[in-house]
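Per-entry structural report
Here is what each chain is made of, one letter per residue.
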Amino acid sequence: MPLLDQINSPSDLRRFNDRELTVLADEIRSFMISAVSKVGGHLAPSLGVVELTIALHSVLESPSDKIIWDVGHQCYAHKIITGRRQEFHTIRRQGGLSGFPSAAESAHDIVGTGHSSTSISYGAGLMEAIRLAGGTEEADAFEQEGSRPPCVACVIGDGALTGGIAYEALNQAGHLRTPLIVILNDNEMSIKPNVGAISQYLSRLRLDPTLYKLREDVSHGIDRIPGIRGGMRSLKEGMKAFLVPGMLFEELGFAYVGIIDGHDIKALRKSIRAAMEVQRPVLIHIKTTKGKGYEPAEARPDTFHGIAPFHVGTGKAIKKPGPITYTEAFGRGLARMASGDAGIVAVTAAMSNGTGLNYFEHEFPERFYDVGIAEEHAVTFAGGLALGGLKPVVAIYSTFLQRAFDQMVQDIGLQELPVVIAIDRAGLVGDDGPTHHGCFDLAYLRPVPGLTIMAPKDEAELQQMLFTALSLGGPAAIRYPRSPGRGVVLPPEFRELPLGKAELLDRGEGALLIGLGTGVGICRRAARLLVERHGLRPTVVNARFLKPLDEELIRELADGHKVVVTVEEGTLSGGFGSAVAELFAEEPVPVRRFGLPDRFIPHGSRSRLLKEAGLSPEAVAGYVAARLAPDELAPATRRKASGEE
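Residues numbered from 1 in each chain as written. Predicted model: local features only at pLDDT ≥ 70, side-chain atom pairs only at ≥ 80, totals over all residues. Heavy atoms only, no water.

**Concerning the packing of aromatic side chains**
Counted under the stated rule, the structure contains 14 aromatic pairs. On the basis of an interplanar angle of 40° and a centroid distance of 5.9 Å, the ring pair of Phe-31 and Phe-88 is categorised as tilted. Within this pair, whereas Phe-31 is found in helix α1 (residues 18-39), its partner Phe-88 is found in the loop between α4 (76-84) and α5 (119-133), the two being separated by 57 residues in sequence. Look at Phe-31 and you get partly exposed, because its relative accessible area is 26%. With a relative accessible area of 0%, Phe-88 lands in the buried category. (Phe/Tyr/Trp six-rings, centres within 6.5 Å; stacked < 30°, edge-to-face > 60°. Helix = DSSP H or I, 4+ residues; strand = E, 2+ residues; numbered from the N terminus. Buried < 20%, exposed > 50% of the residue type's maximum accessible area, 1.4 Å probe, protein only.)

As structure tokens, this is what we get:
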């Protein structure tokens, strides 16, 4: 009987010895590869932490002990071990398991983590809460068993140590001497190889065997030198800082343990047990291989970081033919523009492939900057580039740009700097769920004074908007979805769009449908339904700009229509529809807004989620038909304005 079939909870691991647990690790990998090949997911990160997951759960007593995963896409083996093996084939499917930790899903998932660099902050706060609570039921239960208080372990990896919040948390935990276990899963990767001085520091620790062997000798030997005081003590500390591995963490107040083979279960369990005995913060530095145990994932960890369904034998993704994505259109367009303008530079926060900047990176490596998982720094760094006369374009997923809101206000908006923010994955992203949906960017960026905000109806217009943004001389943001484009022909030449001017696509009567971004396609399809089913021919407008809003055209058209409808793939709270409604706040013009509801939307297919949120052509057409009696309007032949198929 396979060992995996005997694992229904973490406590089952304690029946097995180190050799058997190593066999179990292989079984978990095979199970994980088979399941993810059918549904897609974050395979390479989770393959790299199978032994670590087994070691943690075989030593700690979850959920009384707390394991916090950072970043959350390392959690697949954790889900399998904690009673969700039978459901694992549903991962990232609508109604199935989340691809990230989810507190609503299991008591073993302490907190839902989809962004990065937060685990140490959570862990330090949780340990302080445990300390202050003292007589909690969990603590009492441990005491009754004659055992120990709860333990908190934070697994931080996949480049999360490049995020600034991690150092703020290390500083606080070290200051408080919080008895926290931090496990640095060092695989030299985020999605692509890590960058920066911290990465170089960790490489020095990994690759210099002399430093590793000298650690104990130097640290203990120098401490035994008699008569060290004053200036000599400074010399001592300088020698230790130069020679002792992990001195950065030691100076922050952490006991440093490492480097441990992250695929050696025996060594991992020994280190975790030792860390539990120390009443101070401990950092265990482990070395792992991203994609471990599956050759295609080890060879191409960036590809298998987040992979669509694939063939297990070859590792090749199962792709359906179709038009290029908005992301590709952005990346290719920016590279074309940069070939004729040496002032254009590109910035990413560890997401060059995901944002399409790989095209720019390949063509202009000297003008490309990957700052690591540090969105706040990325935006302000781009501000510095702009101060120096360059034209920076920062490409960031909508969900991650939320971290840099203060920088957008203080460092870009207030300074009126010509920085272009390319907001990828705007709207619903599908299988990655609520931590990754880009619902809020329109609402939180709209109040920033002087910021131009655009959203294209198709991939060709995206390129024209990018060209326009680079010509404005002020801050601008363009948001676009994670989806294939409409298959339109990309512009052979770029041109500036008239600032703040919408596009009239179809002039009709009765209802005015105004779409922004993907909302334009919904409006067009709703208009076709109204013509075909009810003989109603509405007017359709592509807003193009949320800010500045084309108030003149909207007022002019609204004056001749009975119903005004706005459609956007963003939260209804304060977004595009709100801007239009505010335009008519003191006028008797009814505005019906279609967008995303005021709640967190789960994971699932994008099309189904949009329909369930009421953001569909059928919903829009149904509303308009209910408001306009069919006998009030005679059937009419549709007239094209511009841009219609």
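Next comes the rest of the account.
**Describing unusual backbone geometry**
Of the consecutive residues Ser-62 and Pro-63, the connecting peptide bond is found in the cis state with omega at 10°. Note on placement: Pro-63 falls in the loop between α3 (50-59) and β1 (66-70). At the junction of Lys-547 and Pro-548, the peptide bond is cis and its omega measures out at -5° in the coordinates. The residue Arg-92 is not glycine, and still its phi comes out positive at about 70°. Of note, the phi angle at Glu-416 is positive, near 55°, even though the residue is not glycine. Residue position: Glu-416 is located in the loop between α18 (405-413) and β9 (420-424).

**What about the side chain of Ser-98?**
Within the secondary structure layout, Ser-98 lies in the loop between α4 and α5. Among the polar contacts listed, one links the side chain of Ser-98 to the backbone nitrogen of Phe-100, at a separation of 3.0 Å. When near neighbours in sequence (up to four residues on either side) are disregarded, Ser-98 contacts Lys-79, Ile-91, Glu-105 and His-603. (Polar contact = N/O pair within 3.5 Å; in protein donor to acceptor, adjacent residues only side chain to side chain. Contact = heavy atoms within 4.5 Å.)

**Some thoughts on the layout of surface pockets**
Gaps left between atoms are located by rolling a probe of water-molecule size over the structure's atoms. There is about 420 Å³ of room inside the second largest pocket. Lining of the second largest pocket is provided by 23 residues; of these, Ser-483, Thr-518, Gly-521, Arg-525 and Arg-606 occupy positions nearest its centre. The set of elements that each furnish at least two residues to the lining of the second largest pocket consists of α21 (518-534) and α24 (606-612). The biggest single contributor to the lining of the second largest pocket is α21, with six residues. Split into classes, the residues belonging to the lining of the second largest pocket amount to seven nonpolar, seven polar and nine charged. (1 Å grid on protein atoms, 1.4 Å probe; cavity = no way out; pocket = protein on both sides within 12 Å on 5 of 7 lines; lining within 4 Å. Points joined across faces, edges and corners; volume = space filled by probe spheres on them. Nonpolar A, V, L, I, M, F, W, Y, C, P; charged D, E, K, R; others polar.)

**Overview of the confidence of the model for the protein chain**
With 86% of its residues at a pLDDT of 70 or more, the protein chain shows a mean pLDDT of 87. Across residues 228-243, confidence stays below pLDDT 50; counting only partners more than four residues off in sequence or on other chains, it has 17 contacts. For the stretch residues 633-645, pLDDT sits under 50, and the model shows 36 contacts to residues farther than four places along the chain or on other chains. (pLDDT = per-residue confidence, 0-100.)

**As for the packing of helix α14 (residues 326-339) against helix α20 (residues 459-471)**
Taken N-terminus to C-terminus, the directions of α14 and α20 make an angle of 40°; their axes are 9 Å apart at the nearest point. Taken together, the axes of α14 and α20 lie oblique to each other. Along this stretch, α14 crosses α20, giving a crossing that reads as right-handed. Where α14 approaches α20, its residues Tyr-326, Ala-329, Phe-330, Arg-332, Gly-333, Leu-334, Arg-336 and Met-337 are matched on the opposing element by Glu-459, Leu-462, Gln-463, Leu-466, Phe-467 and Leu-470. Tallied by class, residues from the contact of α14 with α20 come to nine nonpolar, two polar and three charged. (Axes fitted to C-alpha atoms, helices over the stretch in contact; angles between N-to-C directions. Parallel < 35°, antiparallel > 145°, perpendicular 65-115°, else oblique. Left-handed = near helix turned anticlockwise from the far one by under 90°.)

**Considering the environment of Leu-56**
Counting through the fold element by element, Leu-56 comes out in helix α3. Its relative accessible area of 0% is what places Leu-56 among the buried residues. For the pair formed by Leu-56 and Ala-153, sequence separation is 97 residues and the distance between their alpha carbons is 8.5 Å.

**A look at the nonpolar core**
Core analysis: the biggest nonpolar cluster contains 55 residues, and Ile-28, Met-32, Leu-43 and Leu-56 have the highest contact counts within it. Sort the elements by how many residues they give to this core and α1 lands first, with nine residues. Setting aside chain neighbours within four positions, we find Met-32 in contact with Leu-43, Ser-46, Leu-47, Val-50, Tyr-76, Ala-77, Ile-80 and Phe-88. Counting 50 residues, the second largest nonpolar core, distinct from the first, contains Ala-349, Tyr-397, Ile-412 and Val-448. (Core = buried A, V, L, I, M, F, W, Y, C linked by side-chain atoms within 4.5 Å.)

**Some details on the side chain of Ser-46**
With respect to the secondary-structure elements, Ser-46 resides in helix α2 (residues 43-47). Given the relative accessible area of 0%, Ser-46 is considered buried. Within the structure, the side chain of Ser-46 is placed 3.0 Å from the backbone oxygen of His-73, a separation counted as a polar contact. Among residues more than four places away in sequence, those in contact with Ser-46 are Met-32, His-73, Gln-74, Cys-75 and Tyr-76.

**Observations regarding the pairing of strand β4 (residues 255-261)**
For β4, the tally of buried residues reaches five of seven residues, placing the bulk of the element in the interior. Bridge count for β4 against strand β5 (residues 282-287) is six bridges, and the pairing is parallel. Within the sheet, the bridge partner assigned to Val-257 lies in β5 and is Ile-284. Handedness of the β-α-β unit built from β4, helix α12 (residues 265-276) and β5 comes out right-handed. (Pairing = 2+ DSSP bridges. Right-handed = clockwise from strand over helix to strand, strands pointing away.)

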